[in-house]
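Single-letter residue listing:
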Amino acid sequence: MQFLSIKQIHKQLMSRERSSQEITKSFLDAIGEKDKEIHAFLSVSEEGAMRQAEKIDQKIAKGEAIGELAGIPFGIKDNIVLMGFRCTAASKILENYEAPYDATVVKKLKDAGAVILGKTNLDEFAMGSSTENSAYGATKNPHDLERVPGGSSGGSAAAVAAEMCVAALGSDTGGSIRQPAAFCGVVGFRATYGAVSRYGLIAMASSLDVIGPLARCVEDARIIFDAIRGKDTFDATSIEIKNEKLKTKNVRIGIPKEYFGEGIDKDVKKSVEGAIKKYEENGAKIQEISLPHAEYGLAVYYILMPSEVSANLARYDGIRYGAHEEADSLVETYRKTREKCFGNEVRRRIMLGTYTLSSGYYDAYYVRAEKVRMLIKQDFDNAFRLVDVIMTPVTPTVPFRFGEKSKDPVSMYLSDMFTVGANIAGLPAISIPCGWTLKEGKKLPVGLQIIGGEGRDYDVISIAQMFEIFQKSS
Ligand code: GLN
């Protein structure tokens, strides 16, 4: 099957070339066929999806207007709630938790007529870079089944890459949309912090979390971002992003020297540099810049994130949500439930976070990390006085093999070295496929990251779209 964009599917629906039910059925069949092997979905709602498709067909038959997202088959990461649906966050602790309401993003997609096929796999509570931390088994990379799809939104990225849905939603706390997008060869966009409501997202680290699209092309990602963004009374941190005139002329691109040093796979580096060269050939001005505090990004992230995780995950006490282990006392109930139902990575981060927030260590770790966070943000502010966007690799390596990093948390954490900066500073950033490398006979995708200034989301998107235009014309 040839990949179809949202606009192309919309056209087919409008011209009645295919019905929404036919389209939905073809994606459900693709899931039936491919997902036994890939395991991108944790649950699929055939009936619900077909019912929604039928509604769209009725609208079309009556000649009613439908929007671009009407009838578009979606996957939703299983840490975003969908009313009446199980929402597990890939954790045993929420194995039987059924969501009593729709997340704002889900409500917006439903209102736009999107067809939700099911919930996609992730690392438990979105903690990880490979989906190996899912309590329900890892997802495989469609480009090489022996390799990870990235994480934590690995299910969403793999589902889009394997054409089991047109697009999917993911969440990004330290890179969880962009890194799996890069590993699976699709587009992944995380907006400015607050541009998309977090209401109904199972919180990981609230000051870093952003919901965003994974899609096959930049335009699809833009259409979805348009639909899900906006101020929301249910999320006090949400903001309105202006859709200003797009910047595509005389683009000034900053290349941070700190991001091209040691530790990058040479093929990844070559692809990314090749992509930047394309921009240069097409009139962009390339300029070396410096983000002097970038080297502290991972350290800051791995203090702030676990601190927030330890607070956010306190609510899973065996009483309020999901699993419950019977015990003689209340404290024993907490202990037994949490010990039995949280996986190792989640427990590691809760322990780290309670430590960094404990009296005596709070100033040395949490407060100091908040200060360095400001310095990192200032670095970006200074850079965006000189350039419009910053380009970097998304990940230092190509997709790795299962088990390659799961025994060594620090090597796993290093896969986030280029992505965490945008989260720490709250900036919009996109991952787009920019080339292929050959590893052991398999073609594996490489991603280019484009980071923009706060609120410059549409600049990032339109500059990313330029690359697709270069590729089409070359
Ligand atoms: N891989 C990162 C981590 O393990 C990012 C996770 C995320 O963005 N949800 O924390």
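Below: a short report on this structure. (Residues numbered from 1 in each chain as written. Predicted model: local features only at pLDDT ≥ 70, side-chain atom pairs only at ≥ 80, totals over all residues. Heavy atoms only, no water.)

Turning to the overall build of the protein chain, a few remarks are in order. Tallying secondary structure elements over the protein chain gives 15 helices and 11 strands in all. In terms of C-alpha radius of gyration, the protein chain reaches 21 Å, essentially the compact-globule figure of 23 Å for 474 residues. Overall, the protein chain is about 65 × 55 × 50 Å in size when its C-alpha atoms are taken along their principal axes. Every one of the 474 residues in the protein chain was classed for burial, and the buried ones make up 59%. In the protein chain, 77% of the contacts between residues at least 6 apart in sequence involve partners at least 24 apart. (Helix = DSSP H or I, 4+ residues; strand = E, 2+ residues; numbered from the N terminus. Rg over C-alpha atoms; globule rule 2.2 N^0.38 Å. Buried < 20%, exposed > 50% of the residue type's maximum accessible area, 1.4 Å probe, protein only. Contact = heavy atoms within 4.5 Å.)

The full set close to the ligand counts 15 residues, and T173, G174, S176, Y301 and R349 are the nearest of them. A distance of 2.8 Å separates a nitrogen atom of the ligand from a polar atom in the backbone of A126. Within the side chain of D416, a nitrogen or oxygen atom sits 3.1 Å from a nitrogen atom of the ligand. Starting from 290 Å² of accessible surface for the ligand in isolation, the protein chains cover 100%. Considering only residue class, the shell around the ligand consists of 5 nonpolar, 7 polar and 3 charged. (Near = heavy atom within 4 Å. Polar contact = N/O pair within 3.5 Å; in protein donor to acceptor, adjacent residues only side chain to side chain. Areas by Shrake-Rupley, 256 points an atom, 1.4 Å probe, with all protein chains shown as cover. Nonpolar A, V, L, I, M, F, W, Y, C, P; charged D, E, K, R; others polar.)

A few words now on the pattern of salt bridges. Taken as a whole and assessed by the stated rule, the structure comprises 31 salt bridges. Across the salt bridge formed by D144 and K442, the nearest N and O atoms sit 3.7 Å from each other. With D144 in the loop between strand 3 (115–120) and helix 5 (154–161) and K442 in strand 11 (residues 442–452), this pair connects stretches of sequence that are 298 residues apart. A relative accessible area of 35% means that K442 is categorised as partly exposed. When salt bridges with common partners are traced through the structure, they connect D144, E146, R147, R401, E440 and K442 into a single cluster. (Salt bridge = Lys/Arg side-chain N within 4 Å of Asp/Glu carboxyl O.)

Another aspect to go through is the nonpolar core. One finds F125, Y279, F380, M391, I432, L448 and I450 to be the most contacted residues of the largest nonpolar core, which totals 150 residues. Leave out the neighbours within four places in its chain, and F380 touches Y259, L291, I390, G421, A425, L427 and I451. (Core = buried A, V, L, I, M, F, W, Y, C linked by side-chain atoms within 4.5 Å.)

Quick look at the packing of aromatic side chains now. The geometry of two aromatic rings is summed up by the distance between their centres and the angle between their planes. Evaluated as defined, the whole model comprises 20 aromatic pairs. Pairing F380 with F384 gives two aromatic rings, centres 6.4 Å apart and planes at 15°, and the pair type is stacked. A residue pair is termed a helical-turn pair when its members lie 3 or 4 positions apart in one helix, as F380 and F384 do in helix 12 (residues 363–386) at 4 residues. Since its relative accessible area comes to 18%, F384 is described here as buried. Pairwise contacts between aromatic rings join Y97, F125, Y316, Y321 and F342 into one cluster. Residue placement shows R216 over the ring face of F3; its charged tip is 4.4 Å from the ring centre. Just above the ring of F400 sits the side chain of K405; from NZ or CZ to the centre is 5.1 Å. (Phe/Tyr/Trp six-rings, centres within 6.5 Å; stacked < 30°, edge-to-face > 60°. Lys NZ or Arg CZ within 6 Å of the ring centre and 35° of its normal.)

It is worth spelling out the packing of helix 9 (residues 297–312) against helix 12 at this point. Describing two packed helices takes the angle between their axes plus the distance from one axis to the other. Direction vectors running N to C along helix 9 and helix 12 enclose 130°, while the axes themselves pass 9 Å from each other. On the basis of the axis angle, helix 9 is oblique to helix 12. The two elements helix 9 and helix 12 cross, and the hand of that crossing is left-handed. In this structure, helix 9 uses G297, V300, I303, L304 and S307 to contact helix 12, whose residues at the interface are Y365, Y366, A369, E370, V372, R373 and I376. By residue class, the composition of the contact of helix 9 with helix 12 is 8 nonpolar, 2 polar and 2 charged. (Axes fitted to C-alpha atoms, helices over the stretch in contact; angles between N-to-C directions. Parallel < 35°, antiparallel > 145°, perpendicular 65-115°, else oblique. Left-handed = near helix turned anticlockwise from the far one by under 90°.)

It is worth spelling out the sheet that holds strand 10 (residues 429–439) at this point. Taken together, the 11 strands give an open sheet; going across it, the order is 1-3-2-4-6-5-10-11-9-7-8, and neighbouring strands pair in mixed fashion. Whereas interior strands pair on both sides, the edge strands pair on one side only; in this sheet they are strand 1 (41–44) and strand 8 (285–289). Strand-to-strand twist of the sheet, defined as the mean angle between neighbouring strand axes without regard to direction, takes the value 30°. Both strand 5 (residues 187–190) and strand 10 contribute to a ladder of 3 bridges, which runs antiparallel. (Pairing = 2+ DSSP bridges.)

For the rest of this paragraph, the subject is the environment of G170. In this fold, G170 is placed in strand 4 (residues 167–172). Sequence separation between G170 and R368 is 198 residues, and the spatial gap between their C-alpha atoms is 30 Å. Not counting chain neighbours up to four residues away, the residues in contact with G170 comprise K77, I80, S153, I177, V210, I211, G212 and L214.

Take the pairing of strand 2 (residues 73–77) next. Taken across its 5 residues, strand 2 has 5 buried, putting it largely inside the fold. Every second residue of strand 2 is oriented toward a common face, with P73, G75 and K77 on one face and F74 and I76 on the other, all of them buried. Of the strand pairs in this sheet, strand 2 and strand 3 are connected by 5 bridges, and their pairing is parallel. When the bridges of strand 3 are listed, K77 appears paired with T120. With helix 4 (residues 104–111) bridging strand 2 and its parallel neighbour strand 3, the resulting β-α-β unit is right-handed. Inspection of the sheet shows strand 2 paired to strand 4 by 3 bridges, in the parallel sense. Looking across to strand 4, one finds that F74 is bridged to A167. (Right-handed = clockwise from strand over helix to strand, strands pointing away.)

Among the secondary structure elements, Q52 is positioned in helix 3 (residues 46–61). The exposure class assigned to Q52 is buried, which follows from its relative accessible area of 17%. A distance of 3.4 Å separates the side chain of Q52 from the backbone oxygen of A114, its partner in a polar contact. Filtering out sequence-adjacent residues up to four positions away, Q52 remains in contact with K110, G113, A114 and V115.

Taken as a whole and assessed by the stated rule, the structure comprises 0 disulfides. No disulfide involves C165; its sulfur sits 11 Å from that of C184, the nearest cysteine. (Disulfide = S-S within 2.5 Å.)

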